[in-house]
Amino acid sequence: MIKILTAMNKRHEVSRIFAKSIRRFMDSSPYPITCTAVISEEESKPICEEFGIEWVVAPNDYLGRKWNAGLSEAMKSEWQYLLIMGDDDLLHKEVWGYYTPLIDRGEKYFGFNQYYIHEIATGSTQLVKLTKWNKLVGCGRMIARECLRFPLWQDKQQSGLDYESERHLPDPFVIDAAMIVDLKSEQNIWKFRQFRLVGVPCEIDLNLFL
């Protein structure tokens, strides 16, 4: 059993794209799978209901507290792996080909070390690789339940949530591939322009992620 955890706020059109993509991902899962979203606005509820996503309401005052509220709700159900996703992240249609053998052999913590940054307004895309830091992309990480410590984030955190969660997790199994798209809009904390120095311009077919 797999539990997907995400958080939604304000960027409702982007959240709808995510929900469509994650519903396709869930429907193609070889394992029992559910998704919980922690939301802060009424507009997120119909999106969750349309795509079969469970939801819990929490204030958006501190991101760490909000994500911990979602994790607290997720912990009430039975599952073996937690998959962390932003509501602006999309997974490639072939991603199960990477996840399945790692789940079946019981890897504790794994994910990808490359991802695409796609700016919705311009259609521009950058490929970002974290290979030299031996780090995982924050979204798309699979964490075995037995490795989780609650809370996973500091309640008053507003940034650096990926780094904070890594502090509480074992050394990861790194998948050397780019199978994730991070959609950028004006609502993002990290803007597309901030990745120009670390990424390589490229082109992608977004249909492979929807």
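The sections below set out a description of the structure shown in this document. In this text the structure is predicted, and so the values were computed from the model without any measurement. (Residues numbered from 1 in each chain as written. Predicted model: local features only at pLDDT ≥ 70, side-chain atom pairs only at ≥ 80, totals over all residues. Heavy atoms only, no water.)

### Let's talk about the overall build of the protein chain
Okay, so step 1: Along the protein chain, the regular secondary structure elements total five helices and ten strands.
Okay, so step 2: Relative to the compact-globule value of 17 Å for 210 residues, the protein chain shows a C-alpha radius of gyration of 16 Å, a close match.
Okay, so step 3: Each principal axis of the C-alpha distribution contributes one length, and for the protein chain these read about 40 × 40 × 35 Å.
Okay, so step 4: For the protein chain, with 210 residues in total, the buried portion stands at 53%.
Okay, so step 5: Sequence-distant contacts in the protein chain: of pairs separated by 6 or more residues, those separated by 24 or more amount to 77%.
Okay, so step 6: As presented, the protein chain carries roughly 10,100 Å² of accessible surface, and 51% of it is formed by carbon and sulfur atoms. (Helix = DSSP H or I, 4+ residues; strand = E, 2+ residues; numbered from the N terminus. Rg over C-alpha atoms; globule rule 2.2 N^0.38 Å. Buried < 20%, exposed > 50% of the residue type's maximum accessible area, 1.4 Å probe, protein only. Contact = heavy atoms within 4.5 Å. Areas by Shrake-Rupley, 256 points an atom, 1.4 Å probe, with all protein chains shown as cover.)

### Structural notes on the pattern of salt bridges
Okay, so step 1: Taken as a whole and judged by the stated rule, the model has 14 salt bridges.
Okay, so step 2: Between Arg65 and Asp61 there is a salt bridge, with its nearest N and O atoms 3.2 Å apart.
Okay, so step 3: A relative accessible area of 36% means that Asp61 is categorised as partly exposed.
Okay, so step 4: One salt bridge in this structure joins Arg105 and Glu107, with 3.2 Å as the shortest N-O distance.
Okay, so step 5: Through salt bridges with shared partners, a single network forms among Arg11, Asp87 and Asp88. (Salt bridge = Lys/Arg side-chain N within 4 Å of Asp/Glu carboxyl O.)

### What about unusual backbone geometry?
Okay, so step 1: Cis geometry is adopted by the peptide bond preceding Pro151, which originates at Phe150 and carries an omega value of 0°.
Okay, so step 2: Residue placement: Pro151 occurs in the loop between strand S8 (141-144) and helix H5 (161-166).
Okay, so step 3: Positive phi outside glycine occurs at Lys10, with the angle close to 70°.
Okay, so step 4: Note on placement: Lys10 falls in the loop between strand S1 (2-8) and helix H1 (12-27).
Okay, so step 5: Relative accessible area serves as the criterion here: at 55%, Lys10 is assigned to the exposed category.

### Notes on H1
Okay, so step 1: Its 16 residues give H1 an end-to-end C-alpha distance of 22 Å, which sits within 8% of 22 Å, the value for a rise of 1.5 Å per residue.
Okay, so step 2: For H1, the full list of buried residues reads His12, Val14, Ser15, Phe18, Ala19, Ser21, Ile22, Arg24, Phe25 and Met26. (Expected span 1.5 Å × (residues − 1).)

### A few points about the packing of aromatic side chains
Any two aromatic rings considered together are summarised by their centre-to-centre distance and by the angle between their planes.
Okay, so step 1: Within this structure, the stated rule accounts for ten aromatic pairs.
Okay, so step 2: Seen in terms of ring centroids, Phe25 and Trp96 are 4.5 Å apart; in terms of plane orientation they differ by 5°. Their pairing is stacked. On the criterion of sequence distance, the pair formed by Phe25 in helix H1 and Trp96 in helix H4 (residues 96-104) is long-range, its members being 71 residues apart.
Okay, so step 3: Residue Trp96 is classed as buried on the basis of its relative accessible area, which comes to 8%.
Okay, so step 4: Linked through ring pairs, Phe25, Tyr31, Tyr81, Trp96, Tyr98, Tyr99, Phe110 and Phe112 together constitute an aromatic cluster.
Okay, so step 5: Taking the ring centre of Phe173 as reference, the NZ or CZ of Arg105 above it sits at 4.8 Å. (Phe/Tyr/Trp six-rings, centres within 6.5 Å; stacked < 30°, edge-to-face > 60°. Lys NZ or Arg CZ within 6 Å of the ring centre and 35° of its normal.)

### Concerning helix H3 (residues 63-74)
Okay, so step 1: Its twelve residues place the ends of H3 16 Å apart at the C-alpha level, agreeing with the 16 Å of an ideal helix rising 1.5 Å per residue.
Okay, so step 2: The set of residues buried in H3 consists of Gly64, Lys66, Trp67, Asn68, Gly70, Leu71 and Ala74.
Okay, so step 3: Against S1, strand S2 (33-39), strand S3 (54-57), strand S4 (81-84) and H5 lie the buried residues of H3.

### So, the nonpolar core
Okay, so step 1: Counting residues in each nonpolar core, the largest one holds 60 residues, and the members touching the most others are Phe25 and Tyr99.
Okay, so step 2: Setting aside its immediate chain neighbours within four residues, Phe25 contacts Ile4, Ile33, Leu83, Leu91, Val95, Trp96 and Tyr99.
Okay, so step 3: Among the nonpolar cores identified, the runner-up in size contains eight residues, and Leu90, Leu127, Ala178 and Val181 belong to it. (Core = buried A, V, L, I, M, F, W, Y, C linked by side-chain atoms within 4.5 Å.)

Purely spatial values, then, with no claim about function.
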